[in-house]
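# Coordinates in review
Single-letter residue listing:
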Amino acid sequence: GVAFRPPFRVAAYSIRLNHPRYGLLVSARELLVVPSLWGLLRGELKLKRLIIEGARVRLKVKDGEIVNLPNFHATDRATDEDDAPLNVPLDELVIHHAQVDVEAGPVFSASLAAVNVVARITGGTRMTVQLSAGKGQLVHAKGVERIDRVLLGGRYRPGRLELDQL
């Protein structure tokens with residue numbers, strides 16, 4: 001379902017996104033969208049915050065590549081510049097209580113639970129990310145590795161990824 005909340009928010013419940021070939025990519029208990037009022041007044045799609053509660057993300061890996069993500073090539077966007085970075089019309093992405101599963105069989109599979117993410121985007125192309133996960137496991141040919149805690153912090157800008165905390 002969809003609901004409108006004051007001051008101006010849109011909430012959607014029981015979200016499910018499927019890849020046409022590989023099935024479930026993400027499901028979530030709740031998605032809360034907080035648009036930029038100033039952006040709306042100017043006729044632009046600009047989001048202040050996206051909050052995702054209770055998500056489950058399923059990533060499928062083949063030949064070292066994640067194959068079930070949406071395809072955001074520059075040619076798919078309204079631009080003639082092949083190397084133009086994707087401009088994200090969002091200031092902040094917050095994810096609470098997520099689970100991430102990675103399927104890369106037969107090489108490995110992994111699962112992380114209690115995942116929380118805060119990503120702040122500036123200029124539409126630069127991002128600062130903090131991620132924490134409470135527990136998980138990595139299954140590979142030689143056995144199972146338990147993951148007790150993951151903390152990750154870093155920055156991304158087109159062509160460069162920097163990790164501050166791992």
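Residues numbered from 1 in each chain as written. Predicted model: local features only at pLDDT ≥ 70, side-chain atom pairs only at ≥ 80, totals over all residues. Heavy atoms only, no water.

One ladder, built from six bridges, connects strand 4 (residues 47–53) with strand 7 (residues 90–104); its direction is parallel. Bridged to leucine 47 within strand 7 is leucine 90. Pairing between strand 5 (residues 56–62) and strand 7: five bridges, direction parallel. For valine 57, the partnering residue across the bridge sits in strand 7 and is valine 100. With antiparallel pairing between neighbouring strands as the criterion, strand 7 and strand 8 (residues 108–122) make up a hairpin whose turn holds three residues. (Pairing = 2+ DSSP bridges. Helix = DSSP H or I, 4+ residues; strand = E, 2+ residues; numbered from the N terminus.)

Another aspect to go through is the pairing of strand 2 (residues 9–19). In terms of strand pairing, strand 2 meets strand 3 (residues 23–35) through nine bridges, oriented antiparallel. Within strand 3, the position partnered with histidine 19 by the bridge is glycine 23. If you look at the hairpin formed by strand 2 and strand 3, you'll find three residues sitting between the two strands.

We now examine the pattern of salt bridges. In the structure shown here, the tally under the stated rule is ten salt bridges. The salt bridge involving arginine 56 is made with aspartate 101; its shortest N-O contact spans 2.7 Å. Here arginine 56, found in strand 5, pairs with aspartate 101, found in strand 7; they are 45 residues apart in sequence, far enough to count as distant. Aspartate 101 gets classed as buried once you look at its relative accessible area, which sits at 11%. Among the ionic pairs, arginine 155 bridges to glutamate 162, the shortest N-O distance being 2.8 Å. Taking the relative accessible area as the measure of exposure, glutamate 162 reaches 23% and is therefore partly exposed. Put simply, Arg155, Arg160, Glu162 and Asp164 are held in one network by salt bridges that share partners. (Salt bridge = Lys/Arg side-chain N within 4 Å of Asp/Glu carboxyl O. Buried < 20%, exposed > 50% of the residue type's maximum accessible area, 1.4 Å probe, protein only.)

What follows concerns the environment of serine 111. In this fold, serine 111 is placed in strand 8. With 53 residues separating them in the primary sequence, serine 111 and arginine 58 have C-alpha atoms 9.2 Å apart. Among residues more than four places away in sequence, those in contact with serine 111 are Gln99, Val100, Asp101, Lys135, Gly136 and Gln137. A polar atom in the side chain of serine 111 sits 2.8 Å from the side chain of aspartate 101. (Contact = heavy atoms within 4.5 Å. Polar contact = N/O pair within 3.5 Å; in protein donor to acceptor, adjacent residues only side chain to side chain.)

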